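Residue-level structure breakdown
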Amino acid sequence: MTGTGSALADRLAQGTVLGAEGYVFELERRGYVKAGAYVPEAVVDFPDAVTELHREFLRAGADVMVALTYYAHRDKLRQVGRESELEAMNRQAVRLARQVAAEGGALVAGNVCNTWSYDPQDAGTADVVRAMYAEQLGWAADEGVDFVIAETNDYLGEALIALEVSQELGLPAMVTLATTGPARTWDGYDYVEACKILAGHGAAVVGLNCDRGPATMLPLVARIREQVDCAVAAQPVPYRTTESSPTMESLRAEGVNRVFPLALDPFSCTRFEMADFAVAARDLGVNYVGICCGAGPHHVRAMAEALGRTVPASRYSPSMDLHPILGTAAPSRNPDVLEAWNVTR
Ligand SMILES: [Zn+2]
C-alpha cells in the first residue's frame with residue numbers, strides 16, 4: 001500500500017500539507033503531562049485539555065489532527081502503573097482527534113513512535129515492538145484514522161516494523177526519523193539512505209521530525225528530497241539549533257545545568273522564523289511541512305499564512321497599525337515615549 005487513492009494522497013496532491021505536533025511538550029508546559037515519563041495521561045485524565053490543543057492547532061491551520069498516542073504504548077504505561085488503561089487511552093486519543101478534525105475537515109492520523117524497547121542486536125525485541133505497534137494501530141484503525149504517523153524513529157529497523165504493521169492494517173504511513181546523531185540512525189544507516197529504504201518499502205511519506213531546529217534540519221531534508229521519489233516531510237522543533245549544537249538535546253547555555261528539555265525557552269524560534277522555515281521547506285519541494293516539540297499555535301498560524309492561507313485564527317492575526325504606540329497613532333505621541341519604545345519616526 002503506497003497511499004495512492006487515500007485521503008492522505010489526495011491531500012498531498014492538492015499542495016503542501018501543514019502539520020502541527022508537539023502535543024506532549026505543550027501539555028507538559030500547561031501542567032497536564034509529567035516531564036520525564038512524557039506519557040499522555042491527559043487523554044484520559046483531562047480530555048478537554050487535549051481537545052483544546054487540537055482545536056487551537058486546527059484553527060491555526062493544521063491540516064492533520066494527530067491522535068495523542070505518542071508514548072501511549074504498553075511498556076510506557078506499565079512504567080507509570082497504568083497498563084490496564086492502555087486500550088482506553090489509545091481509543092480515546094483517536095476519538096478526540098476525530099472529533100476536532102470534523103470541525104474543520106482535517107485528516108486524522110494514528111500515531112506511534114520509538115518505543116525504547118528495540119535493540120537491533122536482540123531479534124526478540126522486534127517481536128515485542130511489533131506487538132505493541134499492532135495493538136496501538138489496531139485500535140486506531142478500528143476507531144478510524146486516515147493514515148499513520150510513525151515518528152521520532154532512532155532505528156531504521158524499528159521504523160520498518162511500524163511501516164509493516166500499518167500496511168497490514170491497510171493504512172498509508174508517514175514515517176519520519178529522529179536525527180539525534182550527526183548523520184546516521186542508531187542502527188547505522190545514513191539518514192538519506194534510511195529514507196530511501198523506507199520509500200522503497202512503500203511508505204507514503206518519509207522524512208524527519210523532532211530533535212533539529214529549522215536551521216539544521218533543512219540541509220538534511222534537502223538531500224532527502226533530492227533522493228527519494230515519494231512525498232517528504234519535515235517537522236522541526238522551533239528552537240535555534242546550530243552547526244555546533246545541531247539538536248535541541250545538544251543545546252547548552254552558560255549557567256544552566258541542562259537545557260533540554262526544561263530550559264529550552266531562550267532558544268525558541270519566533271513565529272517569523274517558523275514562517276520562513278515553512279516557505280523554505282515548501283520551496284525545496286517538501287510536501288508535508290510541520291512543527292514538533294515546542295510548537296505553539298502562533299507558530300502554526302504564521303506558517304499557514306506564509307504558505308498563503310487564511311485560517312480561522314487569522315481573524316485575530318496582528319494588526320500593529322492599531323497599536324497605540326507602534327501603530328498609526330505614533331506621530332501624535334511624545335518623542336521621548338517613542339524613543340523609549342524604540343520607535344523611529
Ligand atoms: Zn518532537
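Scroll up to find the structure this text is about.
Along every chain, residues carry numbers that run from 1 in the direction the sequence is written. Since the coordinates come from a predicted model, pLDDT governs what is reported: local features require at least 70, and pairs of side-chain atoms require 80 or more to be given and counted, while whole-chain, interface and lining totals use all residues. With hydrogens and water excluded, all non-hydrogen atoms of the structure serve as input to the side-chain values.

1. Side note on the side chain of T125
Considering the arrangement of structural elements, one finds T125 in helix α7 (residues 123-143). Residue classification places T125 among the buried positions, given a relative accessible area of 11%. Here a polar contact means two N or O atoms within 3.5 Å. Within protein one must be a hydrogen donor candidate and the other an acceptor candidate, and residues neighboring in sequence count only if both atoms are side-chain atoms. At 2.7 Å, the side chain of T125 forms a polar contact with the backbone oxygen of D122. In this structure T125 touches S117, Y118 and D119, once residues within four positions along its chain are discounted. A run of H or I in DSSP becomes a helix once it reaches four residues, and a run of E becomes a strand once it reaches two; helices and strands are each numbered from the N terminus. Per-residue accessibility, obtained with a 1.4 Å probe over protein chains only, is compared with the maximum for each type, and a residue is labelled buried under 20%, exposed over 50%, and partly exposed between these values. Residues are treated as being in contact if the distance between any of their heavy atoms lies within 4.5 Å.

2. Some thoughts on the nonpolar core
Put simply, buried Ala, Val, Leu, Ile, Met, Phe, Trp, Tyr and Cys residues joined by side-chain atoms within 4.5 Å make one nonpolar core. Grouped together as the largest cluster of nonpolar side chains are 115 residues, with contacts concentrated most on F57, M65, F147, L198, V205, M248 and Y288. Element by element, the count of residues in this core is highest for helix α6 (residues 86-104), at eight residues.

3. Side note on helix α4 (residues 47-59)
Taking 1.5 Å of rise per residue, 13 residues should cover 18 Å, and α4 covers 18 Å from first to last C-alpha, within 8% of that figure. Looking only at α4, the buried set comprises A49, V50, T51, L53, H54, E56, F57 and L58. Buried residues belonging to α4 abut α2 (23-29), α3 (42-45), β2 (64-66), α6 and α12 (297-306). G61 sits one or two positions beyond α4 and adopts a positive phi of about 115°. One less than the residue count of a helix, multiplied by 1.5 Å, gives the span that helix is expected to have.

4. Things to note about the packing of helix α10 (residues 214-227) against helix α11 (residues 271-284)
In the contact formed by α10 and α11, the axes pass within 10 Å of each other and the chain directions differ by 10°. With respect to their mutual orientation, α10 and α11 come out roughly parallel. Contacts between α10 and α11 involve P214, L218, V221, A222 and R225 from the former and M274, F277, A280, A281 and L284 from the latter. Three residue categories are used. Nonpolar comprises Ala, Val, Leu, Ile, Met, Phe, Trp, Tyr, Cys and Pro, charged comprises Asp, Glu, Lys and Arg, and polar comprises the others, including Gly. Looking at the contact of α10 with α11 residue by residue, the classes come out as nine nonpolar, no polar and one charged. For every element, the axis is a line fit to its C-alpha atoms; helices are fit only across the contacting stretch, and the angle between N-to-C directions ranges from 0 to 180 degrees. Convention used here: angles under 35 degrees read as roughly parallel, angles over 145 as roughly antiparallel, angles from 65 to 115 as roughly perpendicular, and any remaining angle as oblique.

5. What to know about the sheet that holds strand β6 (residues 205-209)
Think of it this way: DSSP has to see at least two bridges between two strands before they count as a pair. Strands sit in the order β1-β8-β7-β6-β5-β4-β3-β2 across an open sheet of eight strands; the sheet is parallel. Each edge of the open sheet carries a strand with a single partner, namely β1 (17-18) and β2. Across four bridges, the pairing between strand β4 (residues 147-153) and strand β5 (residues 173-177) is parallel. From the neighbouring strand, V148 faces β5, where its bridge partner is A173.

6. Regarding the pairing of β4
Across the seven residues that make up β4, a large majority, seven, are buried. Examined bridge by bridge, strand β3 (residues 107-113) and β4 share five bridges and lie parallel to one another. Note that in β4 the partner of V112 across the bridge is A150. Note on handedness: a clockwise path from strand one over the helix to strand two, with the strands aimed away from the viewer, defines a right-handed crossover. Between the parallel elements β3 and β4, the chain passes through α7 in a crossover that is right-handed.

7. A short note on the packing of aromatic side chains
Side-chain rings of Phe, Tyr and Trp (the six-membered ring for Trp) are treated as a pair once their centres are within 6.5 Å; stacked means planes under 30 degrees apart, edge-to-face means over 60, and tilted covers the remaining angles. This model, assessed by the stated rule, comprises eight aromatic pairs. The interplanar angle of 20° and the centroid separation of 6.0 Å between the aromatic rings of F25 and Y38 together place this pair among those described as stacked. Pair noted here: F25 is in helix α2 and Y38 is in the loop between α2 and α3, with a separation of 13 residues, a long-range link. When its relative accessible area of 10% is taken as the criterion, F25 is described as buried. For Y38, a relative accessible area of 12% translates into the label buried. Chaining the aromatic ring pairs together yields one cluster made of W116, Y118, Y155 and W186.

Read these as layout, nothing more, since geometry by itself doesn't imply function.
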